[in-house]
Structure formats: structure tokens, C-alpha cells
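One letter stands for each residue in the lines below.
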Amino acid sequence: MKFYRRFQTKKINIGDITIGGGSLIAVQSMTNTDSRDWKATVKQIKQLEEVGCEVVRVSFPDLESAYNVNRIKKNIKIPLVADIHFDYRIALEVIKHGIDKIRINPGNIGSNDKLEILVKEAKKAHIPIRIGVNAGSLKGVYNFDDSLLRAKALASAAMEHVRILEKYNFDDIVVSLKASNINTTVQSYRIFASKRNYPLHLGITEAGSLRDGSIKSAAGLGIMLCDGIGDTIRVSLTANPVEEIRVAYSLLKYMELRDFGIEIISCPTCARCKVDLIKIVSEIEKKISTIKNLNKFSKPLKIALMGCVVNGPGESKDADFGIAGGKEKGILFKNGKVLGEVSQDEWIDKLIYMIRDYQR
Ligand code: SF4
């Protein structure tokens with residue numbers, strides 16, 4: 001597996017997951033259920049676990065919801081992070097109930113004396129705090145028109161809170177500096193990364209819908225990951241959180257930062273294509289997404305689906321197996337060798353059979 005030259009950050013433990021210090025980039029998401037309904041929240045976390053979520057964040061908006069930390073934790077396998085805004089007493093409550101990490105928003109958590117109490121309790125419980133700076137909730141950021149000035153404002157707000165935590169001898173810190181604009185976000189992470197070596201949680205906040213949000217997140221996170229910045233990622237989408245995990249893994253897989261799952265190489269088709277490749281690829285993708293446990297735990301696999309034999313044999317050499325289209329049929333390849341012909345209506349079943357067989 002190829003690694004970009006990554007910033008050497010401090011190792012931090014979130015439950016039994018380690019981020020920073022060269023660890024694998026952890027994939028996380030956030031639930032969108034009402035956390036006062038702990039059963040619904042557990043149900044969604046289980047769905048996230050199934051697709052490979054490694055850390056889950058839950059917003060606890062009030063004390064009533066904070067009492068549910070215990071119940072949720074007992075029923076899930078991955079570390080639980082509490083997202084806390086406005087009231088530091090909720091943070092104290094979730095710590096009491098065994099939370100694995102807290103995310104606070106410096107823009108709204110209140111005065112320094114409240115922060116001091118919170119830091120002391122986190123230290124006693126040995127849990128990290130993420131300083132999650134967000135452009136939308138930080139006064140003054142949008143007074144600037146220039147993205148660099150906005151980035152500087154974000155980084156300086158994060159630094160101000162980092163210094164407060166350091167003043168209380170607390171260094172179990174993770175930082176995020178999110179804006180919905182890629183330029184502002186990237187520059188703020190770069191500024192922060194040049195000042196401190198705390199692990200960085202990456203994300204483009206409020207990135208949008210499944211399609212555009214995925215593209216925006218991939219563009220922004222891709223730049224930072226290429227810079228070597230980032231220890232854990234959350235792709236923020238207005239969609240089912242399960243999709244956030246799928247997109248995050250695809251991004252890391254194609255950047256060769258995580259090695260797992262199925263990669264489909266398929267051509268855009270042209271006049272030479274004599275099979276309905278667009279339909280075949282979309283159906284295979286759909287079927288793959290329904291195969292249980294086919295996620296980060298599965299063996300890496302590359303499949304080439306080509307419209308014709310022009311690039312088929314070449315691509316198939318780099319793939320585990322694949323099919324190159326002919327007239328209403330295809331030539332099946334495995335590890336660069338021709339296995340035989342498959343008629344167009346058998347492509348999907350044949351490939352799904354081979355995928356399952358490969359994973360056994
Ligand atoms: S592989 Fe064949 S069908 Fe696909 S784009 Fe290339 S030439 Fe066209």
C-alpha cells in the first residue's frame with residue numbers, strides 16, 4: 001500500500017481505536033436520530049458498524065439525552081463520541097456515563113471557567129476532547145471576504161482553545177477546522193498543522209447532497225490527504241449516514257490510504273461497445289452494496305468491466321478478474337488469462353458468483 005508523506009501527529013486513543021502517529025486514517029460518521037430515543041440511535045449505529053464505521057458521533061442536545069450514553073454504549077461495538085454545544089453540564093454528564101470522547105465547539109461552549117471544569121473531568125476519565133471549530137458558529141469569520149483571512153480566523157480560534165487546554169496540562173486533543181468552502185477549510189488545516197501536532201479530524205462541513213457533497217468532500221479532503229494532513233475523516237452528507245461511510249472508504253481506497261473492498265474499473269463506452277455496459281455496471285454496483293459484510297473487512301478486489309477488447313486485456317492484467325465486451329457477449333479474464341466467453345445476460349450473475357467465491 002502506498003502512503004503519502006503524512007504529518008507526524010500525536011497518538012490519541014478513542015476507546016479502542018487509535019488515531020494519529022501514523023495509524024490508519026479512521027472513518028467516522030454521525031447519527032441523525034433523536035438521541036433521546038436510544039433504541040433508534042443504537043439501530044442506526046449498528047447499520048453504520050455493518051458498513052465499517054470505526055468511530056460514531058452522537059449529538060446529545062440535553063441532559064435527558066446524555067443519560068442514554070450508557071445504554072447506547074452497552075449495545076454497540078465502536079467508540080462513541082458526544083457532540084456537545086451550548087451547555088458544558090451535558091459534557092460532564094456524558095463523561096459520567098462513560099463516553100469515549102467529547103467534541104466541543106469553541107464558538108458556543110461558554111466561558112473559560114466552564115471549560116476548565118470540563119477539561120479536569122475529561123482528564124480524570126482519560127478521554128480526548130476534539131476542539132471542533134466551525135466557520136458557521138464562530139463570530140467574525142464571515143466578516144472577511146477573503147478565504148485566507150477566514151482560514152486564519154478559524155485557525156486562530158482553534159489555537160486559542162488549544163492553548164486553554166494546554167494551560168490546564170491537557171494534551172489529549174483532536175482538532176477540526178471546518179467550513180463549507182474548500183479553500184477556507186484547506187488553508188485553515190494547513191495553518192494549524194504548521195503550529196501543533198495534534199491529530200486532525202478532517203471534513204468539509206455541510207458539504208451537501210449525496211452526489212455533490214461527495215464530490216466536494218473528495219476534492220477538499222483529497223487535497224489535505226495528499227498534503228499528508230488528516231488522521232480521521234468524516235464525509236458530511238445530507239443523506240443516510242451509511243452513505244458517508246461508503247464515500248469515505250471509497251475516497252481512502254482510491255487514494256491508496258486504506259486497502260480493502262471492491263474497485264470496479266469500467267470504461268465510458270463508445271461506438272465499439274456492443275453490450276449495455278452502463279446498465280451492467282450499475283446493477284453490479286447495486287448487487288455488491290447488498291452483499292452482507294462486504295466492506296472494509298473484505299479482501300481487496302479489482303474488477304475490470306470493459307466495453308470491448310481494445311483495453312480489456314490490458315486492464316484485466318491489473319485486475320483480479322474482468323469481462324471485455326464483444327457482440328452481445330464478453331470475454332472473461334482472470335489474472336490476465338482468458339477463461340472463456342460469457343453471454344451478456346450472464347455477466348452479472350457470473351461476476352457476483354466470482355466475487356463471493358473470492359471472498360470465501
Ligand atoms: S474499452 Fe472499448 S468500448 Fe470502452 S471506451 Fe475503450 S474502445 Fe470504447
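Only a predicted model underlies this, so the values are computations on that prediction, with no experimental measurement involved.

Which residues make up the site of the ligand, and what values do they have?
Contacts to the ligand come from Cys267, Pro268, Thr269, Cys270, Arg272, Cys273, Met306, Gly307, Cys308, Val310 and Asn311. Split by residue class, the shell around the ligand holds 7 nonpolar, 3 polar and 1 charged.

How would you explain the pairing of strand β8 (residues 173-178) if you had to name every residue and give the values?
Here β8 lies mainly inside the structure; 6 of its 6 residues are buried. Of the two faces of β8, both are covered, the one formed by Ile173, Val175 and Leu177 as well as the one formed by Val174, Ser176 and Lys178. With 6 bridges connecting them, strand β7 (residues 129-134) and β8 associate as parallel partners. Looking at the pairing, Arg130 lines up with Val174 of β8.

Requested: an account of the environment of Val133, with residues and values cited.
Locating Val133 in the fold gives a position in strand β7. Sequence separation of Val133 and His161 is 28 residues, and the distance between their C-alpha atoms is 9.5 Å. Setting aside residues no more than four positions away along its own chain, Val133 makes contact with Pro106, Leu138, Leu154, Ala157, Ala158, Ser176 and Leu177.

Before we move on, can you summarise the sheet that holds β8 with the specific residues and values?
Sheet architecture is open: 8 strands sit in the order β8-β7-β6-β5-β4-β3-β10-β9, paired in parallel fashion. Looking at strand neighbours, the two that pair on one side only are β8 and β9 (201-202), the edges of this open sheet. The pairing of strand β4 (residues 55-59) with strand β5 (residues 80-84) spans 4 bridges and is parallel. For Val56, the partnering residue across the bridge sits in β5 and is Leu80.

Summarise the packing of helix α1 (residues 38-50) against helix α9 (residues 241-254); cite the residues concerned and give the values.
With their axes 9 Å apart at the nearest point, α1 and α9 run at an angle of 20° to one another. Classified by the angle between their axes, α1 and α9 sit roughly parallel to one another. Handedness of the α1/α9 crossing: right-handed. Together, Gln44, Gln47 and Leu48 of α1 and Pro241, Val242 and Ile245 of α9 make up the contact between the two elements. When grouped by side-chain class, the residues that make up the contact of α1 with α9 number 4 nonpolar, 2 polar and no charged.

Could you give me a rundown of the domain arrangement of the chain, with the residues and numbers involved?
Per the domain assignment, the segments making up the chain are domain 1 (12-254) and domain 2 (262-359). A separation of 38 Å is found between the C-alpha centroids of domain 1 and domain 2.

Requested: an account of helix α5 (residues 112-125), with residues and values cited.
Taking 1.5 Å per residue as the helical rise, α5 with its 14 residues ought to reach 20 Å, and the 20 Å between its terminal C-alpha atoms agrees with that figure. Along α5, the positions that sit buried rather than exposed are Leu115, Leu118, Val119 and Ala122. Take α5 and look down its axis: the buried residues cluster within an arc of 105°, on one side only. The exposed residues of α5 that point more than 90 degrees off its buried face are Asp113 and Lys124. Buried-residue contacts for α5 involve α4 (88-96), β6 (101-104), β7 and α6 (147-167). Positive phi shows up at His126, right after α5, with a value of about 55°.

Help me get a handle on the environment of Asn169, residues and values and all.
Of note, Asn169 is situated in the loop between α6 and β8. For Asn169, a count of 9 C-beta atoms within 10 Å gives the class exposed. Each C-alpha atom of the pair Asn169 and Arg258 lies 34 Å from the other, and the pair is 89 residues apart in sequence.

Give a detailed account of the sheet that holds strand β13 (residues 321-325), specifying residues and quantitative values.
Strand order in the open sheet made by the 5 strands is β11-β12-β13-β14-β15, with mixed pairing throughout. The sheet is open, and its two edges are formed by β11 (262-266) and β15 (337-343), each paired on a single side. Along the sheet, successive strands turn relative to each other by an average axial angle of 20°, direction set aside. The sheet contact formed by β11 and strand β12 (residues 301-306) spans 5 bridges and is parallel. Paired with Ile262 across the bridge in β12 is Leu301. Docked against the sheet, helix α12 (residues 347-359) engages β11, β12, β13, β14 (329-334) and β15, running at close to 165° with respect to β12.

What counts, and where the lines are drawn
- Residues numbered from 1 in each chain as written.
- Predicted model: local features only at pLDDT ≥ 70, side-chain atom pairs only at ≥ 80, totals over all residues.
- Near = placed C-beta within 6 Å.
- Nonpolar A, V, L, I, M, F, W, Y, C, P; charged D, E, K, R; others polar.
- Buried ≥ 20, exposed ≤ 12 C-beta atoms within 10 Å, placed from the backbone.
- Helix = DSSP H or I, 4+ residues; strand = E, 2+ residues; numbered from the N terminus.
- Pairing = 2+ DSSP bridges.
- Contact = placed C-beta atoms within 7 Å.
- Axes fitted to C-alpha atoms, helices over the stretch in contact; angles between N-to-C directions.
- Parallel < 35°, antiparallel > 145°, perpendicular 65-115°, else oblique.
- Left-handed = near helix turned anticlockwise from the far one by under 90°.
- Domains from an automatic or database assignment.
- Expected span 1.5 Å × (residues − 1).
- Arc of directions from axis to C-beta.

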